Amino acid sequence: MQESKNYILKIDCSDEKGLIYRIADVVFKYQLNIIKNDEFVDRDNGKFFMRAELSGEMNMSAFKGTLEAMLPAHADIYVAEARKKDIILMGTKETHCLGDILLKHDSDDLNANILAIVSNYEDLKGLSDKFNIPFHCVSHEGLNRAEHEAKVLEVLSAYTVDYIVLAKYMRILSSEFVGHYEEKMINIHHSFLPAFIGANPYKQAFSRGVKIIGATAHFVNNNLDEGPIIAQDVIHVNHEMTWKDMQRAGRNVEKNVLSNALDLVFEERIFVHDNKTIIF
């Protein structure tokens, strides 16, 4: 007996009566089993979102075509076999986020294959070598941003990727660069932005006597740090902590938030609509 395959189905369309019935009917006609199913209706905008995990055997093109005929016009339908994603990590010097991802990958707890690490410094090469991941250093020294980005794109073009993860990559990317990987780049930053911009945000926050610190993981778009938010978290701090204590605590939050965000992205649990995310 042939083993069943697992599929992810995502539907984004105008809301109307009978959608769930029609979708379930198509699933039944193709002799598929619904393992898990989630729906959400944005009543203010009349939008319907659905994510389902299916098992069985199907012709994905025919299945999608049948769904299109049963759903409202311009429905956005995604159906694919569940699989690990192919990713590239980009970093600069900090190791906490990148190292956490590498450990999860090494333990087979990451739903992705890490194809390479790209950095503008050599500092991360030792860590990359420990986990036997190809490392590319593309130095920015003596280059303007356009020249440096062209060299980075040349390296990235050698790989076919699903996502690029900016694991504390500390260079601002141009809209031209981001355009090559629209909705395929994930970034992590401390939640002090935009209040504490520039060098040493934790020291700035300490000087202001902040009471909470946190982190935000988001998709990258042309507006710096304003892409659709995937995951966030905060922790409380107090006057007894030095700015270095805050930095250590903040780094823990950053790596945990990024890790959670990557799980959501790689498991196809996210819809992006009007610069916001719907997450199942």
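Residues numbered from 1 in each chain as written. Predicted model: local features only at pLDDT ≥ 70, side-chain atom pairs only at ≥ 80, totals over all residues. Heavy atoms only, no water.

Help me out: how do you make sense of the side chain of D100 in this one?
With respect to the secondary-structure elements, D100 resides in helix α3 (residues 96-106). Aside from chain neighbours lying at most four places away, what touches D100 is T95, K255 and S259. (Helix = DSSP H or I, 4+ residues; strand = E, 2+ residues; numbered from the N terminus. Contact = heavy atoms within 4.5 Å.)

Explain the packing of aromatic side chains here, please?
Aromatic ring pairs: the centre-centre distance and the angle between the two ring planes describe each pair. Under the defined criterion, the tally for this structure stands at six aromatic pairs. Ring centres of Y30 and F63 lie 5.3 Å apart, and the angle between their planes is 85 degrees; on these two criteria the pair is classed as edge-to-face. Taken as a pair, Y30 in the loop between α1 (19-29) and β2 (33-42) and F63 in helix α2 (residues 60-70) lie far apart in primary sequence, 33 residues in all. The class for F63 is buried, based on a relative accessible area of 0%. When the ring of Y163 is compared with that of F266, the centres are 6.0 Å apart and the planes differ by 45 degrees; the resulting orientation is tilted. One end of the pair, Y163, is in strand β8 (residues 163-166); the other, F266, is in helix α8 (residues 243-266), and 103 residues separate them in sequence. (Phe/Tyr/Trp six-rings, centres within 6.5 Å; stacked < 30°, edge-to-face > 60°. Buried < 20%, exposed > 50% of the residue type's maximum accessible area, 1.4 Å probe, protein only.)

Just to check I follow, could you spell out the side chain of S55 for this structure?
Along the chain, S55 turns up in strand β3 (residues 47-56). Those residues in contact with S55 that sit more than four places away from it in its chain are K5, N6, L32, N33 and I35.

Explain the pattern of salt bridges here, please?
Where charged atoms from two side chains of opposite charge approach closely, those side chains can pair. Going through the model one piece at a time under the given rule, you end up with 16 salt bridges. In this structure, R83 and D162 form a salt bridge, with 2.8 Å as the shortest nitrogen-oxygen distance. With R83 in the loop between β4 (76-81) and β5 (85-91) and D162 in the loop between α5 (145-156) and β8, this pair connects stretches of sequence that are 79 residues apart. Classification of R83 as partly exposed rests on a relative accessible area of 42%. As a salt-bridge pair, K125 and D129 come within 2.9 Å of each other at their nearest N and O atoms. Taken as a pair, K125 and D129 lie in helix α4 (residues 125-130) at a separation of four residues, close to a single helical turn. Judged by its relative accessible area of 43%, D129 is partly exposed. Among the ionic contacts, a cluster of salt bridges with common partners joins R51, E53, E267 and R269. (Salt bridge = Lys/Arg side-chain N within 4 Å of Asp/Glu carboxyl O.)

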